[in-house]
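# Report on the structure
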There are 2 protein chains.
Amino acid sequence: MTEAELKDAGLKVTLPRLKVLQVLDNADPHHLSAEDVYRELVNADVTVGLATVYRVLTQFEQAGIVTRHNFDDGHSVFELATEEHHDHMVDLDSGKVIEFVNEAIEQLQHEIAEQHGYELVNHELVLFVRKAK
Amino acid sequence: MTEAELKDAGLKVTLPRLKVLQVLDNADPHHLSAEDVYRELVNADVTVGLATVYRVLTQFEQAGIVTRHNFDDGHSVFELATEEHHDHMVDLDSGKVIEFVNEAIEQLQHEIAEQHGYELVNHELVLFVRKAK
DNA sequence: ATTGCAAATGCGAATCAATCTCATTTAAGA
DNA sequence: TCTTAAATGAGATTGATTCGCATTTGCAAT
């Protein structure tokens, strides 16, 4: 339950935070930019500042509630961390983002880290693709 | 030879371009931000505008002379496109960047793209790691 | 319930990387 | 050497994100 998530993270339960969570939860393309979230809120007649959206998303990231991805075009997108892990494929022509999971790759990543004396904490994999002819 | 590279790319051989190539060539940590390159040039008494550095790096990227990476929250870094493709591993504690290659992962990426009806144009893989205990 | 106060918010200003404008310079072919 | 399109430098501009600060609000202790 969302209120509990906030309290566990040591964050006060406020309207902006609940609303941001709600927007992320209902997001159809899982990935939303801060601006996207902001627009949704304004659209739903929730008056919040863009700065607050950024602050809240950053706090959520630190609290492990959302994950941040830095795609190519220079701006971040966020998604609920409750989704199971997946990587991304970006269609260079349409900009569409496809999610995928590949256990073999996940496995290999751990092995590579180990081979270098490290343990894998996290990773970021994005495939840039184009419709096959 | 560097001059030939520029001509092949249909770019005029100019001082700024040669100097940027030179800086990238001598870069100890392979990865430099545009700002890094700019600072090196100013340091070497080569007067060149930051805008030019950005323009040149972008042209080089399009010409396949350098590769651009977007890791490390926010800004791009560039490195000479060596014959060897490689991915990156970032030590979260020291910030050190390690390069690695794994053919199996490369192969899997192509397969994944194909499975979705795409062809792989490019990819970005960064492992965030920490010294194993 | 009421209160006190630190935490949270809104909004405009500030920042930072990157891009654009445009007047001036320069490479390189004729 | 001349000509011209391409390239450059410097500053203005954009776009995403963060900051500063006065105001508001959650919530723990009255």
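This write-up is about the structure you can find in this document. (Residues numbered from 1 in each chain as written. Chains lettered and ligands numbered in written order. Predicted model: local features only at pLDDT ≥ 70, side-chain atom pairs only at ≥ 80, totals over all residues. Heavy atoms only, no water.)

## Topic: the pairing of strand β3 (residues 87-91) of chain B
Residue and element names in this part refer to chain B. To keep it simple, the criterion reads: Categorising residues by exposure relies on relative accessible area from a 1.4 Å probe, with only protein chains included: less than 20% of the type maximum marks a residue as buried, more than 50% marks it as exposed, and the intermediate range marks it as partly exposed. Helix and strand assignments come from DSSP, with helices taken as H or I runs of at least 4 residues and strands as E runs of at least 2, each series counted from the N terminus. For two strands to be treated as a pair, DSSP must find no fewer than two bridges joining them.
Along β3, five of the five residues are buried, which leaves the element largely enclosed by surrounding structure. By the alternation rule, side chains of β3 split into Asp87, Met89 and Asp91 and His88 and Val90, which are all buried. In the sheet, β3 pairs with strand β4 (residues 97-100) via four bridges, with the strands oriented antiparallel. Directly across from histidine 88, in β4, lies its bridge partner glutamate 99. Between β3 and β4, which pair antiparallel in sequence order, lie five residues; one of them, glycine 95, sits at a positive phi of approximately 85°. Examined bridge by bridge, β3 and strand β5 (residues 118-131) share four bridges and lie parallel to one another. What sits directly across from methionine 89, in β5, is leucine 127.

## Points about the sheet that holds strand β2 (residues 66-70) of chain A
All names here are of chain A. Here is the rule: Only heavy atoms enter the contact rule, under which two residues are in contact if any of them lie within 4.5 Å. As a rule, the C-alpha atoms of each element are fitted with a line to give its axis, helices using only the stretch in contact, and angles between N-to-C directions run from 0 to 180 degrees.
What the three strands build is an open sheet, ordered β1-β3-β2; its pairing is antiparallel. Edge positions in the sheet fall to β1 (32-33) and β2, since each of these pairs with one other strand and no more. One ladder, built from five bridges, connects β2 with strand β3 (residues 76-80); its direction is antiparallel. Residue pairing across strands places histidine 69 opposite valine 77, the latter belonging to β3. This element, helix α2 (residues 15-26), spans β1, β2 and β3 of the sheet and lies at about 85° to β3.

## Considering the protein's contact with DNA strand C
Definition in use: Proximity is defined per residue: any heavy atom of the residue falling within 4 Å of a molecule or strand makes that residue near it. N or O atoms closer than or at 3.5 Å make up a polar contact, with two conditions inside protein: a donor-capable atom paired with an acceptor-capable one, and, for residues adjacent in sequence, both atoms drawn from side chains. Here the term charged refers only to Asp, Glu, Lys and Arg, the term nonpolar to Ala, Val, Leu, Ile, Met, Phe, Trp, Tyr, Cys and Pro, and the term polar to all other amino acids, Gly among them.
Every one of the 18 residues lining DNA strand C counts as a neighbour, but Thr14, Arg17, Thr47 and Thr52 of chain A together with Tyr54 of chain B are closest to it. The sugar-phosphate share of atoms of DNA strand C within 4 Å of the protein amounts to 71%. Here lysine 12 of chain A contributes a side-chain N or O atom positioned 3.1 Å from a sugar or linking oxygen of DNA strand C. One nitrogen or oxygen atom from the side chain of threonine 52 of chain A is found 2.7 Å from a phosphate oxygen belonging to DNA strand C. In terms of residue count, the dominant contributor to the surface near DNA strand C is helix α4 (residues 50-62) of chain A (four residues). Considering only residue class, the surface near DNA strand C consists of seven nonpolar, six polar and five charged.

## Section: the protein's contact with DNA strand D
Within the structure, DNA strand D sits among 20 residues, and Tyr54 of chain A together with Thr14, Arg17, Thr47 and Thr52 of chain B are positioned closest to it. The sugar-phosphate portion of DNA strand D accounts for 69% of its atoms within 4 Å of the protein, the bases making up the rest. With respect to DNA strand D, the side chain of lysine 12 of chain B contributes an N or O atom lying 3.2 Å from a sugar or linking oxygen. Interatomic distance of 2.7 Å between a side-chain N/O atom of threonine 52 of chain B and a phosphate oxygen of DNA strand D. Elements that contribute at least two residues to the surface near DNA strand D include exactly α4 of chain A together with α2 (15-26) and α4 (50-62) of chain B. Taken together, the residues of the surface near DNA strand D sort by class into nine nonpolar, six polar and five charged.

## A word on the interface of chain A and chain B
A common way to express how large an interface is: the accessible area buried when the components associate. Put simply, the test is: For any pair of parts, buried area is found by adding up, for both, the accessible area (1.4 Å probe) each one loses once the two are put together. What counts as a salt bridge is simple: a side-chain nitrogen of Lys or Arg found within 4 Å of a carboxyl oxygen of Asp or Glu.
Contacts between the two partners involve 33 residues from chain A, matched on the other side by 32 residues from chain B. Of all residues in chain A, Ile112, Tyr118 and Glu119 of chain A bury the most surface against chain B, accounting for 21% of the area lost on that side. Counting across the chain A and chain B interface gives zero salt bridges. When residues of the side of chain A that touches chain B are traced back to their parent elements, those giving at least two are β2, β4 (87-91), β5 (97-100), α5 (103-115) and β6 (118-131) of chain A. Take the side of chain A that touches chain B: its biggest share by element is 14 residues, from β6 of chain A. Of the residues in the side of chain A that touches chain B, the class split is 18 nonpolar, seven polar and eight charged. In this sheet, β5 of chain B lies alongside β6 of chain A in antiparallel orientation, the contact comprising 13 bridges.

## With respect to unusual backbone geometry
Glycine aside, a negative phi is what most residues show, and trans is what most peptide bonds show. All names here are of chain A. A positive phi angle, close to 60°, is found at aspartate 45, a residue other than glycine. Looking at the secondary structure, you find aspartate 45 in the loop between α3 (34-43) and α4. On the basis of relative accessible area, aspartate 45 is assigned to the exposed category, the value being 72%.

## With respect to the pattern of salt bridges
Here the structure, examined in full by the defined rule, presents four salt bridges over all chains. Residue glutamate 61 of chain A pairs with arginine 68 of chain A through a salt bridge whose shortest N-O separation is 3.0 Å.

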